[in-house]
Amino acid sequence: MFDLDKWMEILDTMAKNPLRTFLTSLSVAVGIFILVVLLGLGQGLENGVINTFEDDAVNSIWLRSGQTSLAYQGYKPNRNVDFRNNDHTHVKKNVEGITYSSARLSFWGAFIKYENQQGQY
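As a convention, each chain's residues are numbered from 1 in the sequence order in which they are written. Under the rules for a predicted model, residues below a pLDDT of 70 receive no local features and side-chain atom pairs below 80 are neither given nor counted, while totals for whole chains, interfaces and linings still include all residues. To get the side-chain values, all heavy atoms of the structure are used, and hydrogens and water are removed first.

Attention shifts here to the pairing of strand β2 (residues 117-120). Taken together, the four bridges between strand β1 (residues 111-114) and β2 define a ladder with antiparallel strand orientation. Counterpart to Phe111 in the pairing with β2 is Gln120. Between any two strands, at least two bridges found by DSSP are needed for them to pair. For the purposes of this entry, the term helix denotes a DSSP run of H or I that reaches at least four residues, the term strand denotes a run of E that reaches at least two, and both are numbered from the N terminus.

Before going further, it helps to examine the packing of helix α1 (residues 4-16) against helix α2 (residues 18-53). Taken N-terminus to C-terminus, the directions of α1 and α2 make an angle of 100°; their axes are 5 Å apart at the nearest point. In terms of their interaxial angle, α1 and α2 are classed as roughly perpendicular. Across the interface between the two elements, Thr13, Met14, Ala15 and Lys16 of α1 pack against Pro18, Arg20 and Thr21 of α2. Asp, Glu, Lys and Arg are counted as charged, while Ala, Val, Leu, Ile, Met, Phe, Trp, Tyr, Cys and Pro are counted as nonpolar; the rest, among them Gly, fall into the polar class. Taken together, the residues of the contact of α1 with α2 sort by class into three nonpolar, two polar and two charged. Every angle, taken between N-to-C directions, lies between 0 and 180 degrees, and every axis is a line fitted to C-alpha atoms, over only the stretch in contact when it is a helix. An angle below 35 degrees is read as roughly parallel, one above 145 as roughly antiparallel, one from 65 to 115 as roughly perpendicular, and any other as oblique. The contact criterion used throughout is that any non-hydrogen atoms of two residues lie within 4.5 Å.

Looking now at unusual backbone geometry. Phi is positive for Gln73, which is not a glycine, with a value near 45°. Note that Gln73 resides in the loop between α2 and α3 (85-94).

Further remarks concern the pattern of salt bridges. The rule for a salt bridge is simple: a side-chain nitrogen of Lys or Arg has to be within 4 Å of a carboxyl oxygen of Asp or Glu. Going through the model one piece at a time under the given rule, you end up with one salt bridge. Of the charged contacts in the structure, one is a salt bridge between Asp12 and Lys16, with a shortest N-O distance of 3.2 Å. Highlighted residues: Asp12 and Lys16, both in helix α1, separated by four residues, approximately one helical turn. Exposure remark for Asp12: the relative accessible area of 38% places this residue in the partly exposed category. When accessible area is computed with a 1.4 Å probe and restricted to protein chains, residues below 20% of their type maximum are described as buried, those above 50% as exposed, and intermediate ones as partly exposed. Residue Lys16 is classed as exposed on the basis of its relative accessible area of 61%.

Patch definition: residues with relative accessible area over 30% and no salt bridge; like charges joined within 9 Å; nonpolar side chains (Val, Leu, Ile, Met, Phe, Trp, Tyr) joined within 5 Å. Note on areas: these come from Shrake-Rupley sampling with a 1.4 Å probe, and a residue is covered only by the protein chains present in the view. On the surface, a cluster of nonpolar side chains totalling about 980 Å² of accessible area is made up of Leu19, Phe22, Leu23, Leu26, Val30, Phe33, Ile34, Val37, Leu38 and Leu41. Along the chain, the position of Ile34 falls in helix α2. Residue Ile34 is classed as partly exposed on the basis of its relative accessible area of 43%.

Residues shown with low pLDDT carry predicted positions that ought not to be read at fine detail. Per residue, pLDDT measures the predictor's confidence, with a range of 0 to 100. Averaged over every residue, the pLDDT of the protein is 88; residues scoring 70 or more account for 99%. Across the protein, the secondary-structure element scoring lowest on mean pLDDT is β1, at 85, and the one scoring highest is α2, at 95.

Let us look at the environment of Gln118. As for its position among the elements, Gln118 is in strand β2. Gln118 gets classed as exposed once you look at its relative accessible area, which sits at 51%. Residue contacts for Gln118: discarding those within four places in its chain leaves Phe111, Ile112 and Lys113.

Here it is as structure tokens:
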């Protein structure tokens, strides 16, 4: 199992070629380091995606307004589409299979004022 002659040959070869020994050791160490970093990044990405979507229901759908890309019945393209409360009521009444529904309002960078307090959030 432990053959002294083989180990002496290995050590002798390493002593005769110090640059090759050093470069080989360095490349193995860098390869292991890169492997550990890539595995860590992959696990971190997986945890981030799971963390992002863990609060969402698997049977939910979100509708967001935006802009049109085409003209329609005399309306110009690139116009803003805004949802109103009666849109939510209409969908809730006319689409089958909706058990629970709620409207949600989001503002980004909106100026909010309440009594004597105000700020941009």
